[in-house]
Amino acid sequence: MYYKSLKRFPKKFLWGAASAAYQIEGAWNTDGKGPSIWDTFSKIPGKTYHGTNGDVAIDHYHHYREDVQLMSEMGLKAYRFSIAWSRIIPDGDGKVNAKGLKFYDDLINDLLDHNIQPVITLYHWDIPQALQDKFGGWASRKVIAAFKKYCQTVFAQYGDRVKYWVTFNEQNVFTAMGYRWASHPPNVTDVKRMYAANHIINLANAVAINLFHEMVPEGKIGPSFGYGPTYPITADPNDVLAADNADDFNNNWWLDVYCRGTYPVLVMNHLKNLGIAPEVTEDDSRLLKSAKPDFLGINYYHGGTFQQNKIEHPSKEEHDEKGFSSKDPYLMQPKDAQAQQPETPMFKNVQNPYLPKTEWGWEIDPVGFRVALRRVYEKYQLPIMVTENGLGAKDQLEDGKVVNDQYRIDYLQAHITEMQRALTDGVELLGYCAWSFTDLLSWLNGYKKRYGFVYINRNDDSELDLARIPKKSFYWYQDFIRRNS
Ligand code: BGP
């Protein structure tokens, strides 16, 4: 589709930037905050890059006024941040910590004083450690009541001033990393447990949305999903089918539940056959169907390319007397071993020959951003807020004061242009929050991988002076926001 000119971004478009509590706040045990699962996990030797953790992070807890001042200078219209649950309710479901509430009160008021709309994420991966110990975290339905209490507390406290709320950040990512790959807490490698916990989180998401609609009728709430469009590697219909399977498995498995209250049939049947499907009761289905998000948050970094995974079916003669064959390693595994790789018969992830990559091997695909926005909007017909998009790079501070991150400007410019094309195509967009405002702690990559408009003078081994230094991209975004184009 070509246009003579692109639609202008609406006047009220929320040009923003984003962060997450654990990655910026520090003050991990200050003013009554309890530990979260990330405070604990990051201390396990070998789990994070150079043993980095969020104990101090970029010390936003003590620098928030300076950070908001910089946001204001930049002209940000919105700032997305998350609340650390264990700062509000240190043991997860007990007494409320007044000092924790006050911190976010002050932050919100400061943002509003500078005409910046707060966008609050309720959960960016940091469940209180106490709930992990008590119930096994998201593995237990008991945690839903605790989450509800936490939501109730913050809706009552901030709902009068904050319009936009995000329930869960990238549920697809934190469940996979935490319950399948053990590269995030709670450090588990069990696909069945992953699907079980994921279902409980879906229920918690629905409870939070319904509660919000009762308590903050003027507000807007929705989850933020880590979306990647799926491409077939060739026009071979088998590859097209593989890309469809991947779409169901990687995207619809969450988005259908959020927006329609049902799981995609194809994946559900497959998981049932493997004995790893979550248990969904009639009450669960009713609850999931009752909770409608007002918008969808989309985090976009890249998509994926897929091919048919050719599994050879061994012939009868090739089986031994026990029915096993050495021909196909997947099909010949016992079912519970197959179940640890449920996608194997559905698709295979392959390299896309057309796309360059970041230093961390993430594909750079601005057109995929337009594809993503159109597909999601066409399918679910909900307004979209882009809640993350950005480039992780090894930025260099020159002469103690300059960061020439032209590559980040190029990246953002290309993505925003595609977003504007999607807007012109007809996608309803509320805002765009670049990841991230300041540099911050990358969960597994320390401070080497930077995303911010503002450089933070610290490294993996030392806090240095934590000075805030605007990068070249800061001034570029400032100018962009001022012109709204
Ligand atoms: C998203 C997370 C963010 C952020 C970003 C970049 O998945 O929601 O919290 O971390 O990815 O990730 P990374 O730091 O691993 O490059």
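Structural notes, computed from the coordinates. Numbers given for residues are sequential positions, taken from 1 along each chain in its written order. Selection of residues for local features in this predicted model requires a pLDDT of at least 70, selection of side-chain atom pairs for listing and counting requires 80 or more, and totals for whole chains, interfaces and linings are taken over all residues. Only hydrogens and water are set aside; all other atoms, that is, all heavy atoms of the structure, feed into the side-chain values.

A few words on the pairing of strand 11 (residues 429-435). Most of strand 11 sits inside the fold, with six of its seven residues counted as buried. Pairing between strands is defined by DSSP: at least two bridges between them are needed. Every helix listed is a DSSP run of H or I at least four residues long, and every strand listed is a run of E at least two residues long, numbered separately from the N terminus. Of the pairings in the sheet, the one linking strand 1 (residues 14-18) to strand 11 comprises five bridges and is parallel in character. Looking at strand 11, one finds that Gly16 is bridged to Cys433. The pairing of strand 10 (residues 384-388) with strand 11 spans three bridges and is parallel. Each residue is assigned to one of three classes by its accessible area relative to the maximum for its type, calculated with a 1.4 Å probe on protein chains only: buried under 20%, partly exposed between the two thresholds, exposed over 50%.

On to the nonpolar core. Trp138, Phe147, Tyr158, Met419, Tyr432 and Phe437 are the most contacted members of the largest nonpolar core, which totals 143 residues. Broken down by element, the residue count for this core peaks at 14 residues, all from helix 9 (residues 191-215). Counting contributing residues, this core receives three or more from each of domain 1 (14-303 + 351-483) and domain 2 (310-345). We call two residues in contact whenever any of their non-hydrogen atoms come within 4.5 Å of each other. In this structure, Trp138 is in contact with Trp85, Tyr123, Ile127, Val143, Phe147, Phe168, Phe174, Tyr179, Ala197, Ile200, Ile201 and Ala204, ignoring residues within four places of it in sequence. Ranked by size, the runner-up nonpolar core spans seven residues in total, among them Leu14, Ala78, Tyr164 and Phe295. Nonpolar cores were defined as sets of buried Ala, Val, Leu, Ile, Met, Phe, Trp, Tyr and Cys residues, with membership established by side-chain atoms within 4.5 Å. Domain delimitation follows an automatic or database domain assignment.

If you check the shell around the ligand, you find 14 residues, and the closest are Gln23, Glu170, Ser442, Lys449 and Tyr451. Under the rule applied, a polar contact is a pair of N or O atoms within 3.5 Å (in protein, one hydrogen donor and one hydrogen acceptor; residues adjacent in sequence only if both atoms are side-chain atoms). One of the side-chain nitrogen or oxygen atoms of Asn169 is found 2.9 Å away from an oxygen atom of the ligand. Ser442 is positioned with one of its side-chain polar atoms (N or O) 2.5 Å from an oxygen atom of the ligand. Surface exposure here means Shrake-Rupley accessible area, sampled with a 1.4 Å probe, where a residue is shielded only by the protein chains that are shown. For the ligand, the accessible surface in isolation is 380 Å², of which the surrounding protein chains cover 92%. Looking at the shell around the ligand, its residues break down into six nonpolar, five polar and three charged. Each residue is tested against the molecule or strand, and it is near if at least one of its non-hydrogen atoms lies within 4 Å. Side-chain classes follow a simple rule in which Ala, Val, Leu, Ile, Met, Phe, Trp, Tyr, Cys and Pro form the nonpolar group, Asp, Glu, Lys and Arg form the charged group, and the remainder, Gly included, forms the polar group.

To estimate the expected span of a helix, count its residues, drop one, and scale the result by 1.5 Å. For helix 10 (residues 237-260), built from 24 residues, the straight-helix expectation of 34 Å at 1.5 Å per residue is missed by more than 12%, its first-to-last C-alpha distance being only 28 Å. Counting buried positions over the 24 residues of helix 10 gives 17, a clear majority of the element. With a side-chain oxygen positioned 2.8 Å from the backbone nitrogen of Asn238, the residue opening helix 10 is Asp236.

Each regular strand displays side chains that alternate between the two surfaces of the sheet. Burial along strand 7 (residues 296-299) is two-sided: the face carrying Leu296 and Ile298 and the face carrying Gly297 and Asn299 are both buried. Where strand 5 (residues 220-226) lies against strand 7, three bridges are found, and the strand directions are parallel. What sits directly across from Phe225, in strand 7, is Ile298. In the sheet, strand 7 pairs with strand 10 via four bridges, with the strands oriented parallel. Counted as the bridge partner of Ile298 is Val386 from strand 10.

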